[in-house]
Amino acid sequence: KQWYQRRVRGEPCKVVASKDEVDAEVVEAHFTVLGAFADRSSDAAKQYTDAASKLDGVVFLVTDNAELMAEYGLVDGAVVAVRDFADEEARVVMDAENSSEAIATF
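Throughout what follows, the structure given in this document is the object of discussion.

About the criteria used
Residues numbered from 1 in each chain as written. Predicted model: local features only at pLDDT ≥ 70, side-chain atom pairs only at ≥ 80, totals over all residues. Heavy atoms only, no water. Helix = DSSP H or I, 4+ residues; strand = E, 2+ residues; numbered from the N terminus. Buried < 20%, exposed > 50% of the residue type's maximum accessible area, 1.4 Å probe, protein only. Contact = heavy atoms within 4.5 Å. Phe/Tyr/Trp six-rings, centres within 6.5 Å; stacked < 30°, edge-to-face > 60°. Arc of directions from axis to C-beta.

Within the protein one finds five helices and five strands. Mapped from its N terminus to its C terminus, the protein presents α and β elements in the order α-β-α-β-α-β-α-β-β-α. Among the 106 residues that make up the protein, the fraction classed as buried is 37%. For the protein, contacts bridging at least 24 residues in sequence account for 70% of all contacts bridging at least 6.

What follows is the structure, encoded as structure tokens:
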């Protein structure tokens, strides 16, 4: 379903501005990746979007909203997996360079 929406929407990442929006995506998909970029046209944000465009089956979210970034404890350029798996942490922050390849393997 997500790959179809991505193709129809034409954007590999869904822009979100609130925790409620993130939570709604997690409820539907059970696993999402959230990128936090103060400037969504930065090189890091472009790498994130590139990775999102190459991966089907994963919901990629992006935000430049300072309040949402603070809610998740994210700094500019951070990428976090948000999931609702029963026996695993709900959030896992990527601890690697912010390249398309690193994001894709995260």
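From this point, things continue past the structure.
This paragraph deals with unusual backbone geometry. Although it is not a glycine, H30 adopts a positive phi angle of roughly 75 degrees. Of note, H30 is situated in the loop between helix 2 (19-29) and strand 2 (31-36).

Moving on, we get to the packing of aromatic side chains. Applying the stated criterion to the full structure yields two aromatic pairs. With a centroid separation of 5.4 Å and an interplanar angle of 50 degrees, the aromatic rings of F37 and Y48 are classed as tilted. With a gap of eleven residues between them, F37 in the loop between strand 2 and helix 3 (43-54) and Y48 in helix 3 connect regions that are remote in the sequence. Exposure remark for Y48: the relative accessible area of 0% places this residue in the buried category. Three or more aromatic residues link up through ring pairs in this structure, and these residues are F37, Y48 and F60.

What follows covers helix 2. Along helix 2, the residues classified as buried are V22, E25 and V26. Buried residues of helix 2, viewed axially, fall in a sector of 100 degrees; they line one side. Seen from the open side of helix 2, the exposed residues pointing more than 90 degrees away from its buried face are D20 and V27. Following helix 2 by one or two positions, H30 adopts a phi angle in the positive range, close to 75 degrees.

Tracing the sequence through the fold places C13 in the loop between helix 1 (2-9) and strand 1 (14-15). As a C-alpha pair, C13 and F60 span 47 residues in sequence and 4.9 Å in three-dimensional space. Look past the residues within four positions of C13 in its chain and what remains in contact with it is Y48, T49, A52, F60 and V62.

Attention now goes to the side chain of T32. Mapped onto the elements, T32 comes out in strand 2. The contact partners of T32, leaving out residues within four places of it in the chain, are E25, V26, V59, L61, V80, A81 and V82.

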